Amino acid sequence: MPPSKAEVLGKPLEGWRLRLYTIIFEADTRAGRLFDQVLIAVILTSVAVVVADSVHSIHLAYHHLFTPAEWFFTLIFTVEYLARLACVRHPWRYVLSFYGVIDLLALLPTYLALLVPEVGALIDVRILRLLRVFRIFKLTAYVSEYQAIGQALRASRRKIAVFLAAVLMIVLVMGTLMYVVEGPANGFTSIPTAVYWAITTMTTVGFGDITPKTDLGRLIASLMMLLGWGTLAVPTGIVTAEMTYARRAATTTRTCHVCLTEGHMPDARFCRHCGASLPRYEHDGAAQE
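Not measured: the values here are computed from a predicted model.

Cut-offs used in this document
- Residues numbered from 1 in each chain as written.
- Predicted model: local features only at pLDDT ≥ 70, side-chain atom pairs only at ≥ 80, totals over all residues.
- Heavy atoms only, no water.
- Salt bridge = Lys/Arg side-chain N within 4 Å of Asp/Glu carboxyl O.
- Helix = DSSP H or I, 4+ residues; strand = E, 2+ residues; numbered from the N terminus.
- Buried < 20%, exposed > 50% of the residue type's maximum accessible area, 1.4 Å probe, protein only.
- Expected span 1.5 Å × (residues − 1).
- Bend = angle between axes of the 7 residues up to and from the residue.

Caption draft 1: Here's a closer look at the pattern of salt bridges. Inspection of the entire model under this criterion finds two salt bridges. We note a salt bridge from glutamate 80 to arginine 84, for which the minimum N-O separation is 2.9 Å. Taken together, the residues span about one helical turn, with glutamate 80 and arginine 84 both in helix H4 (residues 56-86) at a distance of four residues. Across this residue pair, the class does not change: glutamate 80 and arginine 84 are buried. The residue aspartate 103 makes a salt bridge to arginine 84 at a minimum N-O spacing of 3.9 Å. Of the two residues, aspartate 103 sits in helix H6 (residues 98-115) while arginine 84 sits in helix H4, which places them 19 residues apart along the sequence. Judged on exposure class, the residue aspartate 103 and its partner arginine 84 are both buried. Residues joined in a network through salt bridges with shared partners are Glu80, Arg84 and Asp103.

Caption draft 2: Local environment of H6. Compared with an ideal rise of 1.5 Å per residue, which puts 18 residues at 26 Å, H6 spans 25 Å between its outermost C-alpha atoms and is within 8% of the ideal. Of all the bends found along H6, the most pronounced is centred on leucine 108 and spans about 40 degrees, while proline 109, a proline, follows it within four residues.

Encoded structure:
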């Protein structure tokens, strides 16, 4: 069983750091739920500002508003980032984690442009906008459905890897076969080009830049298209099965403040490990009314 988030980051044992950790990292408390909702609103608004600022006419009309708005969002994300580092016992583990990198990318462009004015001559401003759009990935830390999909993908990664290996073998064999059947005269100038055709055909994309001209080649292409329909359903079934299993064993992010055990059921009132009282679940109040 993989280590819990509390074990990896080092959950504080007491004091203000424990209270701050509960708000920031545990989404199943009332304060944590409110924190997530506010951050989601800020992330969506900041990304909307970046997108609007990329439109030339809007930029000319409202650039005097976009600059202070960008600094406002950057300061919010800076405070959030520092708070996350302050409330865990192993801050470097968070810095090097996926969410830590995303948080850093949310801050980097604004400070980079301020501290290094010459960056405009070295890096196109569109690159800085692209980095700011990476803030959208911060949503995955606050929406449980994203986390459920991520857990399902991690649980099925070996099956998906085997499936992709099988698809790779099929497109390599079929592409080589089409290279032999059609040849350079019909656009299949090399095996890599033929494999490219096999991938676009099997995924039912069909750009049409390369098409078979012989009857045998069209027969092979038809088989590839039919095979693609069945093949695309395989990873969907794998991930869906894992998500169904995870839904049956749904847990929350609540952590026992005594023994730091994480992953309790939604209706749990006491720790499954030491028996101590758990923090109130976000939906407890609604359930009791």
